[in-house]
Amino acid sequence: MNPAKRAAELLLSHNLRSLLDSVEAFLFDCDGVIWKGDKLIDGVSETLELLRSKGKKLVFVTNNSTKSRRQYAKKFNSLGISVSEEEIFSSSFAAAMYLKVNNFPREKKVYVIGGEGILQELQLAGYTGLGGPEDGEKKAEWKSNSLFEHDKSVGAVVVGLDPYINYYKLQYGTLCIRENPECLFIATNRDAVGHMTDLQEWPGAGCMVAAMCGSTEREPIVVGKPSTFMMDFLLQKFQVSTSKMCMVGDRLDTDILFGKNAGCKTLLVLSGVTNQSTLEDPSNTIQPDYYTSKISDFLHLLGP
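No experiment lies behind these values; they were computed from the predicted model shown.

1. Focus: the pairing of strand β10 (residues 184-187)
Step number 1: Inspection of the sheet shows strand β9 (residues 154-159) paired to β10 by 4 bridges, in the parallel sense. Along β10, the bridge assignment pairs V159 with A187.
Step number 2: The parallel pair β9 and β10, bridged by helix α6 (residues 167-179), forms a crossover whose chirality is right-handed.

As structure tokens, this is what we get:
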């Protein structure tokens, strides 16, 4: 390990208390931190209640674009946790907000390789989305003298996690990016894998984005973590300095890097993608401030 690089501290009672004293807002990733698939991780509900009772602001920042903020709020509530839409920042929302802050023309359309969440957030922002789940059953066939038609008014292609990705969608998105003038290529995130179920990891949005990079020979604008684009919205909304925020996540290359890039304190939990041997591997260049096994460790570390 590079001696200049400070190693992560194991979370213990004394440093947790000083962390709580110095932090006003906790930013939580969801998959691998709050839940795995549709199963809540043990002790999460009580931990969040404890932090709220101490007056901490809670924000949930997820790279999973399959749901909108409204759908995420429903998922939290179905798992017995009361979270409002205002406390959720998803990469589906970030994609819509990127278009909004960059004055994307209302008359232009957006082709979506991804889930319903992106389409919902685009609609809420006043844009027309095409594609998404309804293109999951479509087939692109190679036929002599047949032209694959695409909408020339598409001005942006948004690519996120898509369990129904197919050749039709890849061709549609590729034609838009390569042939429509100044068409934007936006990625919600580039996570390699994610806990889509509670038992194992599945290919993440990075897989779909890489396919589009291959065919378009373009690099996307990434709006999810570790890009600090979502942080600009968080700062605007909550008016809390990043030095008084703590980003809690299970991935070094997205969650922890996002927090570090923005100047937040960072806490890695080992309940998701990253394990301790990866954290301590000499080749790992991303060190969180603290690490612990899961967020419910807060409960026993703080004691009764």
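2. A few points about the nonpolar core
Step number 1: Within the largest apolar cluster, 36 residues are counted, with the highest numbers of intra-cluster contacts made by L27 and L234.
Step number 2: In terms of residue count, the dominant contributor to this core is helix α4 (residues 91-101) (7 residues).
Step number 3: When residues are assigned to domains, this core turns out to be shared by domain 1 (9-63 + 226-302) and domain 2 (106-222), each giving three or more.
Step number 4: Apart from the residues within four sequence positions on either side, L234 is in contact with L27, V59, V61, F89, Q239 and F258.
Step number 5: Listed in part, the 32 residues of the second largest apolar core include L16, F60, V83 and F298.

3. Observations concerning the sheet that holds strand β8 (residues 128-131)
Step number 1: Read from one edge to the other, the open sheet built from 5 strands follows the order β8-β7-β9-β10-β13, with strand pairing classed as parallel. The open sheet has two edge strands, β8 and β13 (221-222), and neither has a second partner.
Step number 2: As paired strands, β10 and β13 are joined by 2 bridges and run parallel to one another. Bridged to A187 within β13 is V222.
Step number 3: Sheet strands in contact with α6 are β7 (109-113), β8, β9 and β10, and its direction is about 145° off that of β7.

4. Re the pattern of salt bridges
Step number 1: Enumeration according to the criterion identifies 16 salt bridges in this entry.
Step number 2: The shortest N-O distance in the salt bridge between E86 and K237 comes to 2.8 Å. Here the residue E86 occupies a position in the loop between α3 (69-78) and β6 (88-90), and K237 occupies one in helix α8 (residues 229-238), the gap between them amounting to 151 residues.
Step number 3: Using a relative accessible area of 45% as the deciding quantity, one classes E86 as partly exposed.
Step number 4: Two residues, K109 and D151, come together in a salt bridge whose shortest N-O distance is 2.8 Å.

5. As for the packing of α4 against helix α5 (residues 116-124)
Step number 1: Interaxial distance between α4 and α5 falls to 8 Å at its minimum, and their mutual angle equals 35°. In the crossing of α4 with α5, the sense of the turn from one axis to the other is right-handed. Contacts between α4 and α5 involve S92, F93, A96 and L99 from the former and G117, I118, E121 and L122 from the latter.
Step number 2: Of the residues that constitute the contact of α4 with α5, the class distribution is 5 nonpolar, 2 polar and 1 charged.

6. Brief notes about the packing of aromatic side chains
Step number 1: Within the structure shown, the criterion is met by 17 aromatic pairs.
Step number 2: An angle of 25° between the planes, with centres 5.9 Å apart, marks the rings of F28 and F60 as stacked. With a gap of 32 residues between them, F28 in strand β2 (residues 25-28) and F60 in strand β5 (residues 57-62) connect regions that are remote in the sequence.
Step number 3: The interplanar angle of 40° and the centroid separation of 6.1 Å between the aromatic rings of Y168 and Y172 together place this pair among those described as tilted. Here Y172 and Y168 lie together in helix α6, a separation of 4 residues that amounts to about one turn.
Step number 4: Residue classification places Y168 among the buried residues on the basis of a relative accessible area of 14%.
Step number 5: Here the guanidinium or amino end of K67 rests over the ring plane of Y72, the centre of that ring lying 5.9 Å away.

7. Side note on empty space enclosed by the protein
Left-over empty space is what a probe sized like a water molecule reveals as it rolls over the atoms.
Step number 1: Evaluated as defined, the whole model comprises 1 cavity of 30 Å³ or more.
Step number 2: Here the largest cavity is characterised by a volume of approximately 180 Å³.
Step number 3: As for the largest cavity, its lining consists of 19 residues, of which D31, N64, D191, V193 and G194 are closest to the centre.
Step number 4: The set of elements that each furnish at least two residues to the lining of the largest cavity consists of β11 (193-194) and α9 (252-262).
Step number 5: Partitioning the lining of the largest cavity into residue classes produces 5 nonpolar, 8 polar and 6 charged.
Step number 6: Inspection of the lining of the largest cavity shows a minimum of three residues originating in each of domain 1 (9-63 + 226-302) and domain 2 (106-222).

What counts as what
- Residues numbered from 1 in each chain as written.
- Predicted model: local features only at pLDDT ≥ 70, side-chain atom pairs only at ≥ 80, totals over all residues.
- Heavy atoms only, no water.
- Pairing = 2+ DSSP bridges.
- Helix = DSSP H or I, 4+ residues; strand = E, 2+ residues; numbered from the N terminus.
- Right-handed = clockwise from strand over helix to strand, strands pointing away.
- Core = buried A, V, L, I, M, F, W, Y, C linked by side-chain atoms within 4.5 Å.
- Buried < 20%, exposed > 50% of the residue type's maximum accessible area, 1.4 Å probe, protein only.
- Domains from an automatic or database assignment.
- Contact = heavy atoms within 4.5 Å.
- Axes fitted to C-alpha atoms, helices over the stretch in contact; angles between N-to-C directions.
- Salt bridge = Lys/Arg side-chain N within 4 Å of Asp/Glu carboxyl O.
- Left-handed = near helix turned anticlockwise from the far one by under 90°.
- Nonpolar A, V, L, I, M, F, W, Y, C, P; charged D, E, K, R; others polar.
- Phe/Tyr/Trp six-rings, centres within 6.5 Å; stacked < 30°, edge-to-face > 60°.
- Lys NZ or Arg CZ within 6 Å of the ring centre and 35° of its normal.
- 1 Å grid on protein atoms, 1.4 Å probe; cavity = no way out; pocket = protein on both sides within 12 Å on 5 of 7 lines; lining within 4 Å.
- Points joined across faces, edges and corners; volume = space filled by probe spheres on them.

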